[in-house]
Amino acid sequence: KNIHLHIEGMSCGHCEKTVDNIIRQQKGVKEVKVSLQQNSAEVSIDDAIVSPAQIVSAVNDPGIYRALLK
């Protein structure tokens, strides 16, 4: 399953990499493409292992970034 997230709070390449790493650490994530320019992330998941809500929660957890499902 592919999900599209709007990501708030990214301001530099380091932010982009941090969000990418947060998402990649979740079990069930197959592919990730984070875009600083578009404030977004395209994520391919195995929804039998992880839900879109769990991905959003993981990104929001540090309190620096805010992810919203599109």
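Residues numbered from 1 in each chain as written. Predicted model: local features only at pLDDT ≥ 70, side-chain atom pairs only at ≥ 80, totals over all residues. Heavy atoms only, no water.

## A word on the overall build of the chain
Move 1: Counting its regular elements, the chain contains 2 helices and 4 strands.
Move 2: Along the chain, helices (α) and strands (β) appear in the sequence β-α-β-β-α-β when read from the amino end.
Move 3: Counting all 70 residues of the chain, 39% fall into the buried class.
Move 4: Restricting the contact set of the chain to residue pairs at least 6 apart, pairs at least 24 apart contribute 56%.
Move 5: Carbon and sulfur atoms provide 45% of the accessible area of the chain, an area that totals close to 4,200 Å². (Helix = DSSP H or I, 4+ residues; strand = E, 2+ residues; numbered from the N terminus. Buried < 20%, exposed > 50% of the residue type's maximum accessible area, 1.4 Å probe, protein only. Contact = heavy atoms within 4.5 Å. Areas by Shrake-Rupley, 256 points an atom, 1.4 Å probe, with all protein chains shown as cover.)

## Topic: the side chain of Asp 20
Move 1: Tracing the backbone shows Asp 20 in helix α1 (residues 13-24).
Move 2: On the accessibility criterion, Asp 20 (10% relative accessible area) is buried.
Move 3: When sequence neighbours within four positions are dropped, the list of residues in contact with Asp 20 reads Val 32 and Val 34.

These figures capture arrangement, not role.
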